[in-house]
Amino acid sequence: MNIAAESGAFPDMMRLLEELGRIGREPGGGVTRLLYTPSWCEAQRLLADRMADAGLEVRYDRAGNLYGRLPGTRPDLPVVLTGSHVDTVRVGGNYDGAAGIAAGIAALSYLKRRFGTPVRTLEVVSFCEEEGSRFPLTYWGSGSIEGRYRIGDGTGIYDAEGVSLDEAMKAAGFGRGGQPDCRRTDIGDYVELHIEQGVVLEAAGRRIGVVESIVGQRRYGITVTGTSNHAGTTPMSYRADALAGAAEMIIKVEEMAWQAGRGLVATVGRIEAWPNTPNVVPGQVRFSLDIRHTESYMLNEFSEAALETFRGIAAVRKLRMEAACWVKTEPVPMDGALAGRIERLCIEANLPCLRMVSGAGHDAQIMAAVSRAAMLFVPSRGGISHAKEEYTEPAHLSEGTAVLTACLHELAYTTGVDG
Ligand code: HGY
Ligand code: MN
Ligand code: MN
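Criteria and thresholds
- Per chain, residue numbering runs from 1 following the sequence as it is written.
- For this description, chains carry letters from A and ligands carry numbers from 1, given in the order in which they are written.
- Whole-chain, interface and lining totals are the exception, using all residues; otherwise, since this is a predicted model, local features are given only for residues with pLDDT of at least 70 and side-chain atom pairs are given and counted only at 80 or more.
- Derived side-chain values reflect all non-hydrogen atoms in the structure, with water molecules and hydrogen atoms excluded from consideration.
- Counted as coordinating are nitrogen, oxygen and sulfur atoms within 2.8 Å of the metal, or 3.2 Å for Na, K and Ca, while water is not included, which may make sites look incomplete.
- Strands here mean DSSP runs of E at least two residues long; helices mean DSSP runs of H or I at least four residues long; both are numbered from the N terminus.
- We call a residue buried when its accessible area falls under 20% of the maximum for its residue type, exposed when it is over 50%, and partly exposed in between, using a 1.4 Å probe and counting protein chains only.
- UniProt positions are given in the numbering used here, feature names are shortened, and annotations may be inferred rather than shown by experiment.
- A 1.4 Å probe that fits into a set of points on a 1 Å grid over the protein atoms alone but cannot get out defines a cavity; an open set with protein on both sides within 12 Å along at least five of seven lines defines a pocket, and lining residues are those with an atom within 4 Å of a point.
- Any two residues whose heavy atoms approach within 4.5 Å at even a single point are treated as in contact.
- Contacts described as polar in this section are N or O atom pairs within 3.5 Å, which, within protein, must combine one atom able to donate a hydrogen with one able to accept it, while residues neighboring in sequence count only if both atoms come from side chains.
- In these notes, residues near a molecule or strand are those with any non-hydrogen atom within 4 Å of it.
- Here the open area of atoms and residues is found with the Shrake-Rupley method and a 1.4 Å probe, where only the protein chains shown may cover a residue.
- For this analysis, a molecule is said to be in a pocket or cavity if more than half of its atoms are within 2 Å of the grid points defining it.
- Where each domain begins and ends is defined by an automated method or by a domain database.
- By nonpolar core we mean a set of buried residues, namely Ala, Val, Leu, Ile, Met, Phe, Trp, Tyr and Cys, connected to one another through side-chain atoms within 4.5 Å.
- Throughout, buried area stands for the accessible area (probe radius 1.4 Å) lost by two parts on being put together, summed over both.

Surrounding the manganese ion (ligand 2) are the protein donor atoms D96 (OD), E131 (OE), E131 (OE) and H386 (NE2), at 2.1 to 2.8 Å. Between the two metal centres, the manganese ion (ligand 2) and the manganese ion (ligand 3), the spacing is 3.5 Å, with D96 acting as a shared donor. Pair noted here: E131 is in the loop between β4 (122–127) and α4 (140–146) and H386 is in the loop between β16 (372–378) and α11 (394–412), with a separation of 255 residues, a long-range link. The exposure class assigned to H386 is partly exposed, which follows from its relative accessible area of 40%.

Written as structure tokens, this is what we have:
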């Protein structure tokens, strides 16, 4: 049975992606679906309906993770799970996360129609949050399943409007007693389809990425404090200009990342200045710092060097600098046997594939702590992601879904214990 060769068997998937793309759509293009907001609730409702249409048992857990379940004949065997995250970055693309959920629903719908009841239970999950784009924490969905988060952890965490994660969760109808706990210990295999979000596949002319490992991350909130003052009457020698100091730090950390080489990347993606007024010397600046690498020691050494450099710049400029680390994830290898299975399925389907590292973080690196985990990538046009121009060809999505479906078929319609 060479399912993977039957690409194009998933017309509903493209329709679902179009429907999802209309939820949280920005006037100038792009999509914003932040955790527990109305657009997030609407997207989860749509996905619940499509999971039900596919004949799956639908349920939420207490954090708002949404599951579609196809029970197996052997409930004693570990579950086979696929899926991805429903939230997006601000003004993000239509495929990051969404593609993996839509592909998972399409795969389970196809397998149910074609092969009936599996041996091992099959599930598709729409993780409630992965990006960290509303609250200063990431992987709230998969992290609640894996156990790094407990439902009460949302109380002391606030968004830019001062709303706590806990309040937002309860306002969306979650976080209540009696709802199913998030923690899962019954999952044996997790396989996620995701867009590559980079240009490697397109440049190499390959159709499927077989992920070998996922980078680790450090994300910091940096606060630089000086003295607000009059822009006209304050001589340059009297200034403690927080924005000029932050600018020097940002240029310097970019230079350090270039010098570090070896695939290390550092990004300042967000900056806020106070009082953000043309005729006032800025008294305070907050900016983000996102560092990625495949080796933990590189992440640790670069982070420490960057913060030391910031402290030096602050000292010279009579500023204060504080750093708060709010993401610390280690690089995670994907399961070798599962990656090999995906690669073999691509070869059997004559789909040119490429083993690669993921420069983006993914739920699979969290799920790897509680199950075997693997990922397959489909190409991103021009390597663009986290932007309204994010796009993947329908043919590439169908091919990826065909490989995902074949992999889930092998895992769930046998006892799957052959590794
Ligand atoms: O930021 C990332 O790597 C992912 O898109 N959350
Ligand atoms: Mn993303
Ligand atoms: Mn993603």
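Additional details are given in the paragraphs that follow.
Moving on to the UniProt feature "binding site: Zn(2+) 2" (unreviewed entry) in the protein chain. Per the UniProt record, "binding site: Zn(2+) 2" (unreviewed entry) is found at D96, E131 and H386. Look at the named residues: they lie 291 residues apart in sequence, but the longest C-alpha span between them is just 10.3 Å, so in the fold they bunch up. Checked against the lining of the largest pocket, the annotated residues just named reduce to D96, E131 and H386. Beyond its immediate sequence surroundings of up to four residues, E131 is in contact with H85, D87, T88, V89, D96, T138, R219 and H386. Setting aside residues up to four positions removed in sequence, H386 forms contacts with V89, V91, G92, D96, E131 and Q197. Here E131 takes part through its side chain, which lies 3.5 Å from a polar atom of the side chain of H386.

What follows covers the coordination of the manganese ion (ligand 3). On the protein side, the manganese ion (ligand 3) has H85 (NE2), D96 (OD) and H194 (NE2) as donor atoms, found 2.1 to 2.3 Å from it. Counting gaps between the donor residues of the manganese ion (ligand 3) yields the pattern H-x10-D-x97-H.

What follows is about the site of ligand 1. The immediate surroundings of ligand 1 are formed by D96, E130, E131, Q197, Q217, R219, R292, A360, G361 and H386. The contact in question runs from a nitrogen atom of ligand 1 to an N or O atom on the side chain of E131, over 2.9 Å. Here an oxygen atom of ligand 1 sits 3.0 Å away from a polar atom, N or O, in the side chain of H386. Isolated, ligand 1 exposes 210 Å² of accessible area, and the fraction of that covered by the protein chains is 95%. In this structure, ligand 1 is accommodated by the largest pocket. Domain assignment of the residues forming the shell around ligand 1 places at least three in each of domain 1 (3–214 + 331–414) and domain 2 (216–329).

Moving on to the nonpolar core. Core analysis: the largest hydrophobic core is formed by 76 residues, its most contacted members being Y36, L122, W140, L165, V191, I342 and L408. By size, the runner-up hydrophobic cluster in this structure holds 26 residues, among which are A273, F287, F310 and M321.

Below, the discussion takes up the domain arrangement of the protein chain. On domain assignment, one finds that the protein chain holds domain 1 (3–214 + 331–414) and domain 2 (216–329). If you average the C-alpha positions of domain 1 and of domain 2, the two centres end up 34 Å apart. On the side of domain 2, twelve residues touch domain 1, which itself brings 15 residues to the contact. It is P136, T138 and P331 in domain 1 that bury the most area against domain 2; as a group they hold 46% of the surface buried on that side.

We now examine unusual backbone geometry. In this chain, W274 is followed by P275 through a cis amide linkage whose omega measures 0°. Here P275 lies in the loop between β10 (271–274) and β11 (280–281). Unusually for a residue other than glycine, V91 sits at a positive phi of about 50°. Turning to its location among the elements, V91 is positioned in the loop between β3 (79–85) and α3 (98–115). Phi at H386 takes a positive value of approximately 55°, unusual for a residue other than glycine.

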